[in-house]
Amino acid sequence: MSILVWTWILTGLSFAVYIYIAYWARAKTTGDFYVAEKSVPPLLNGMATGADWMSAASFISMAGLISFLGRDGSYYLMGWTGGYVLLALLFAPYLRKYGKFTIPQFIGDRYYSQTARLIALLCAIFVSFTYVAGQMRGVGVVFSRFMDVGINTGVIIGMALVFFYATLGGMKGITYTQVAQYVVLITAYLIPAIFISMHFTGNPVPQIGYGSQITAEGAALLNDPSTQGKYLLDVLDGLSKDLGFAAYTSGQRPMIDVFFITFSLMIGTAGLPHILIRFFTVPKIRDARSSAGWALIFIALLYTTAPAVSVFARTNFIKTVNNVEYVNAPSWFKNWEKTGLVGWKDKNGDGIMQIRPGKWDDPKSANEVKIDQDIMVLANPEIAKLPNWVVGLVGAGGLAAALSTAAGLLLVISAAISHDLMKNILKPGMSEKEELWWARGGAGVAVVIAGLFGIYPPGFVAQVVAFAFGLAAASFFPAILMGIFNKKMNKEGAIAGMVVGIVFTAAYIWWFKYGDPASNNPAGWWLGISPEGIGTVGAALNFLTSYVVSKFTKEPPAEIQELVGSLRYPGKEVPAASSH
Amino acid sequence: MSIHATKELKAYWKENLVIISVLLTIWFVVSYVCGILLANQLDAYRIGGFPLGFWFANQGSLVTFVVLIWVYVGLMDRLDIKYGVQQD
């Protein structure tokens, strides 16, 4: 059977499973809708968190991105996993003890302030929309590349599916579909990686394989018998240097910037509402701790495989394309050329493809080959000559990754509208039934807006992923941390801190993306810190401002200090806050 | 239920803070020190085909993160029981 048929079969089967689960897990109460009745077992919550977390970008783009960055790419690997240690140790058990539904609600209650609630609400909506736009686009892209349908049709199919299970099932439906989506996406990611690792090094564990020696079979695949018995990384380092790149295993970016980006991604991860609310869904406080542990196991499984995929794919790509006559190009190269992900421009007219540093369409560069980062994961199974069903599986996996993240984000938006805005600010007297309708309606409207973003991607989306993390890092992370660990932190301090953190971070990113893009380079940055890493500074300013302001203003009321005290111990549920 | 024994609970919280501090120190050392600040120096050593600093940045810190969370889970389970604040 052809790749196309396999992709349709596997995607169709996975979609049928998602729909069945959504019907089975439909929500009857607001508790169901927001937190799945706090009844999700920790292991399953870990899987759902993994699927929630790993987006279209993690699945399709990350390995390729790292293959261009070498060791510097580790800031993604460490940054997007290290945040879970912070989540587990600093947030998860205490937020679970608090036991309510949303992050704006926690911030509003803890800081006894509707203003704080409103800031948190706007921030949650902004961060989630920024993020979800990319996911819906991702759904469309996977459909168009694997299944011969237009991007827009793909987005609409994805929208219809998410609409169905997010409005029907709320958190409960989303959680159990995410469990299924995790299984699909991790299988789709690991199988090609295991096969490739076996082919090149004889070791079925890719995490070890890419630090091993190349076997005879691997050397044959690379068309270079001399590589047999050499360490794969040494071969790639040598190859990179020969072509004029830096050694793959060396770092190129200024150390301070790598440090700040990693930190910003870590605390941004710990501050993302769609991840934080997952810890509200487990039965007990110890479950919140262990589900963070499960989540990181499931996430690390993909995140430790990704750098292996980068190394295998990059070595293989260079060896099978560079210095090869175009007429003899491998068949996958010509297949993927149609999608525009790879390309060749014969600048020196010798009919041979040359890979060099620089852009392929820049006449001054000797590079002739276009390599889109996504190709490293998408074409990997074909490059390694794996069976068609494995290729089909990659399509289903990419869709699972994009849909699961989109659903988690949409729930944050829906809860922010129905629970925080309607129930807690505008219409406190409404019945549970009415609130549930607002929640479903909010999810529905959010899906449609997200889909429109997917069909008409606003120019800013691609550039503002850094924005989502920076904003979460500079607003939520400090506000929640101080809310739990500093009883004396008051509303004046928290509000001032959030405002300063958000304004500073947003202004810095805006300046380098729009104000003066020409100076967006290490020499132009303040202290050499890129816009991607500035969330760290924003968070530090937030802490500092909060601390100073809280010293000069009234300390929080006694019942709030008591509430904070009660968060720190497992046992009884927190009494209802009486802040409004 | 010892939830009202303030002195006991203060001790529980203090022990919790010590656990968090120790684990976060290790968290910082494997990622920021070994994977970034000292990565170039550590690259002089190798495990298999991996330069050591590169390995910490690519694999070692991630594996340590997983271990850290599970150690925390275990320690906190014991601490909850020691102070009788576990839920059942």
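Analysis parameters
- Residue numbers restart at each chain and count upward from 1, following the sequence in its written direction.
- Each chain takes a letter, starting from A, and each ligand takes a number, starting from 1, following the order in which they are written.
- It should be noted that, the model being predicted, local features are given only for residues of pLDDT at least 70 and side-chain atom pairs only at 80 or more, the latter also being counted only at that level, while totals for whole chains, interfaces and linings use all residues.
- Strands here are runs of E lasting at least two residues and helices are runs of H or I lasting at least four, both read from the DSSP assignment and numbered beginning at the N terminus.
- Any residue with 12 or fewer other C-beta atoms within 10 Å of its own C-beta is exposed, any with 20 or more is buried, and the rest are partly exposed; the C-beta atoms used are placed from the backbone.
- Note that contacts rest on C-beta atoms placed from the backbone: two residues are in contact if these are within 7 Å.
- C-alpha atoms define the radius of gyration in this analysis, and the globule rule sets the expected value at 2.2 Å times the number of residues to the power 0.38.
- Axis lines are fitted to C-alpha atoms, over the contacting stretch for helices. Their N-to-C directions set the angle, which ranges from 0 to 180 degrees.
- By definition in this entry, angles of less than 35 degrees are roughly parallel, angles greater than 145 are roughly antiparallel, angles of 65 to 115 are roughly perpendicular, and the rest are oblique.
- By the definition used in this description, the sense in which the near helix is turned from the far one sets the handedness, with an anticlockwise turn below a right angle giving left-handed and a clockwise turn giving right-handed.
- Residue type decides the class: Asp, Glu, Lys and Arg count as charged, Ala, Val, Leu, Ile, Met, Phe, Trp, Tyr, Cys and Pro as nonpolar, and the leftover types, Gly among them, as polar.
- Domain extents, as shown, originate in an automatic or database domain assignment.
- Residues of type Ala, Val, Leu, Ile, Met, Phe, Trp, Tyr and Cys that are buried and joined through C-beta atoms within 7 Å form what is called a nonpolar core.
- Expected span, for any helix, means 1.5 Å times one less than how many residues it has.
- The angle between axes fitted to the seven-residue stretch ending at a residue and the seven-residue stretch beginning at it gives the bend at that residue.

Here we take up the overall build of chain B. The number of helices and strands found in chain B is 3 helices and 2 strands. Secondary structure elements of chain B occur, N-terminal to C-terminal, as α-α-β-β-α. By its C-alpha atoms, chain B is 55 × 25 × 15 Å across when sized along the principal axes. Counting every position in chain B, which comprises 88 residues, the buried fraction comes to 40%. In chain B, the share of contacts with a sequence separation of at least 24, taken over all contacts with a separation of at least 6, comes to 53%.

The next point concerns the overall build of chain A. Along its length, chain A carries 24 helices and 4 strands. Taken over the C-alpha trace, chain A has a radius of gyration of 24 Å; the compact-globule value for 580 residues is 25 Å, and the two agree within 12%. Counting only C-alpha atoms and orienting by the principal axes, one finds that chain A spans roughly 75 × 55 × 40 Å. Across the 580 residues of chain A, 59% fall into the buried class. Across chain A, contacts joining residues at least 24 apart in sequence account for 79% of those joining residues at least 6 apart.

Our focus in this paragraph is the packing of helix H22 (residues 491-515) of chain A against helix H23 (residues 534-551) of chain A. Residue and element names in this part refer to chain A. One way to put it is that H22 packs onto H23 with a least axis distance of 7 Å and a crossing angle of 155 degrees. It follows that H22 is roughly antiparallel to H23 by the angle criterion. When you trace H22 past H23, the crossing you get is right-handed. Each of Glu-492, Gly-493, Ala-494, Ala-496, Gly-497, Met-498, Val-500, Gly-501, Phe-504, Thr-505, Tyr-508 and Ile-509 in H22 lies in contact with H23, whose residues at this interface are Ile-534, Gly-535, Gly-538, Ala-539, Leu-541, Asn-542, Phe-543, Thr-545, Ser-546, Tyr-547, Val-549 and Ser-550. By residue class, the composition of the contact of H22 with H23 is 13 nonpolar, 10 polar and 1 charged.

Quick look at the domain arrangement of chain A now. Residue and element names in this part refer to chain A. What the domain assignment reports for chain A is domain 1 (3-316 + 385-567) and domain 2 (318-383). Each of domain 1 and domain 2 has a C-alpha centre, and these two points are 31 Å apart. Taken residue by residue, the interface counts 27 residues in domain 1 and 18 residues in domain 2. Broken down by element, the residue count for the side of domain 1 that touches domain 2 peaks at 7 residues, all from helix H4 (residues 56-69). For the side of domain 1 that touches domain 2, the residue count by class is 16 nonpolar, 8 polar and 3 charged.

On the chain B side, the residues contacting the 42 residues of chain A number 38 residues. For the side of chain A that touches chain B, the secondary-structure elements that each account for two or more residues are helix H5 (74-98), helix H11 (232-242), helix H12 (255-270) and helix H14 (285-321) of chain A. At 12 residues, H14 of chain A tops the list of elements feeding residues into the side of chain A that touches chain B. For the side of chain A that touches chain B, the class distribution of residues is 21 nonpolar, 14 polar and 7 charged.

This paragraph deals with the packing of helix H6 (residues 103-110) of chain A against helix H18 (residues 388-426) of chain A. Residue and element names in this part refer to chain A. For the pair H6 and H18, the least separation of the axes is 9 Å and the interaxial angle reads 30 degrees. The orientation of H6 relative to H18 falls into the category roughly parallel. Note on element contacts: H18 touches H6 through Ala-416, His-419, Asp-420 and Asn-424, opposite Pro-104, Gln-105 and Gly-108. Here the residues of the contact of H6 with H18 sort into 2 nonpolar, 4 polar and 1 charged.

By size, the foremost hydrophobic cluster in this structure holds 222 residues, and its most contacted members are Tyr-84, Val-162, Leu-185, Ile-299, Ala-406 and Leu-410 of chain A together with Ile-69 of chain B. Three or more residues apiece are contributed to this core by two domains, here domain 1 (3-316 + 385-567) and domain 2 (318-383) of chain A. In contact with Leu-410 of chain A, not counting residues within four places along its chain, are Val-132, Val-162, Ala-166, Ala-443, Ala-446, Val-447 and Ala-450 of chain A.

A few words now on the environment of Gly-501 of chain A. Residue and element names in this part refer to chain A. Relative to the helices and strands, Gly-501 resides in helix H22. Using a count of 30 C-beta atoms within 10 Å as the deciding quantity, one classes Gly-501 as buried. Distance in space between the C-alpha atoms of Gly-501 and Ala-88 is 24 Å, their sequence separation being 413 residues. Setting aside its immediate chain neighbours within four residues, Gly-501 contacts Ala-474, Ser-475, Pro-478, Gly-538, Ala-539, Leu-541 and Asn-542.

Residue and element names in this part refer to chain A. Between its terminal C-alpha atoms helix H8 (residues 151-201) stretches only 38 Å, short of the 75 Å expected from 51 residues at 1.5 Å a residue. For H8, the principal kink sits at Gly-169 and spans about 125 degrees. Among the residues trailing H8, Gly-202 stands out with phi positive, at a value near 75 degrees.

Right, let's get into unusual backbone geometry. All names here are of chain A. A positive phi angle is found at Glu-37, which is not glycine, with a value near 55 degrees. In this fold, Glu-37 is placed in the loop between helix H2 (30-35) and helix H3 (42-53). At Tyr-112, a residue that is not glycine, the phi angle is positive and equals roughly 35 degrees. Tracing the chain through its elements places Tyr-112 in the loop between H6 and helix H7 (114-147).

Bringing helix H21 (residues 476-485) of chain A into the picture now. Burial runs high along H21 of chain A: 9 of the 10 residues are buried. What H21 of chain A keeps buried is the set Phe-476, Phe-477, Pro-478, Ala-479, Ile-480, Leu-481, Met-482, Gly-483 and Ile-484 of chain A.

Moving on, we come to the environment of Thr-536 of chain A. Residue and element names in this part refer to chain A. With respect to the helices and strands, the residue Thr-536 is situated in helix H23. According to the C-beta neighbour criterion, Thr-536 is buried, with 24 such atoms within 10 Å. Expressed as a C-alpha distance, the spacing of Thr-536 and Gly-483, which sit 53 residues apart in the sequence, is 19 Å. Discounting residues that sit within four places of it in the chain, Thr-536 has contacts with Phe-260, Phe-263, Ser-264 and Ala-473.

What follows deals with the environment of Leu-168 of chain A. Residue and element names in this part refer to chain A. Checked against the element boundaries, Leu-168 lands in helix H8. Classification of Leu-168 by C-beta neighbours within 10 Å gives partly exposed; the count is 19. The spacing of Leu-168 and Ala-443 is 275 residues in sequence and 9.5 Å in space, taken between C-alpha atoms.

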